[in-house]
Amino acid sequence: MTGFERVFWPTASKINSHSFEVFPIFILNPELDFKTTDYTVRASWGAEFVN
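Residues numbered from 1 in each chain as written. Predicted model: local features only at pLDDT ≥ 70, side-chain atom pairs only at ≥ 80, totals over all residues. Heavy atoms only, no water.

(A) Structural detail: the side chain of S17. If you trace the backbone, S17 turns up in strand β2 (residues 15-29). Note on S17: relative accessible area 10%, which makes it buried. Residues in contact with S17, not counting those within four places in the same chain, are V7, F8, W9, P10, G46, A47 and E48. (Helix = DSSP H or I, 4+ residues; strand = E, 2+ residues; numbered from the N terminus. Buried < 20%, exposed > 50% of the residue type's maximum accessible area, 1.4 Å probe, protein only. Contact = heavy atoms within 4.5 Å.)

Structure (structure tokens):
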């Protein structure tokens, strides 16, 4: 599974665009019929400002 991202472009703001991203990472073990043994979920936020 890949991550997903949502980008916003607000109007009348000092921020040109900002985005939220979630990226899950799953570790599968082949010795356990590829069952999930570990997982991590990473989240981030970024912004670009009007110059």
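(B) Structural view of the packing of aromatic side chains. If you walk through the whole model with that rule in mind, you get two aromatic pairs. Arranged with centres 6.3 Å apart and planes meeting at 35°, the rings of F26 and Y39 form a pair that is tilted. Taken as a pair, F26 in strand β2 and Y39 in strand β3 (residues 35-49) lie far apart in primary sequence, 13 residues in all. The residue whose ring lies beneath R6 is F8, and the NZ or CZ to ring-centre distance is 4.5 Å. (Phe/Tyr/Trp six-rings, centres within 6.5 Å; stacked < 30°, edge-to-face > 60°. Lys NZ or Arg CZ within 6 Å of the ring centre and 35° of its normal.)

(C) Just the pairing of β2, in detail. In the sheet, strand β1 (residues 4-8) pairs with β2 via five bridges, with the strands oriented antiparallel. Counterpart to V7 in the pairing with β2 is S19. The turn linking β1 back onto β2 is made up of six residues, and A12 within it adopts a positive phi angle of 55°. Of the strand pairs in this sheet, β2 and β3 are connected by 14 bridges, and their pairing is antiparallel. Each residue of the ladder has a partner; that of H18, found in β3, is A47. In sequence, β2 turns back onto β3 through a hairpin of five residues, with D33 there showing a positive phi of about 55°. (Pairing = 2+ DSSP bridges.)

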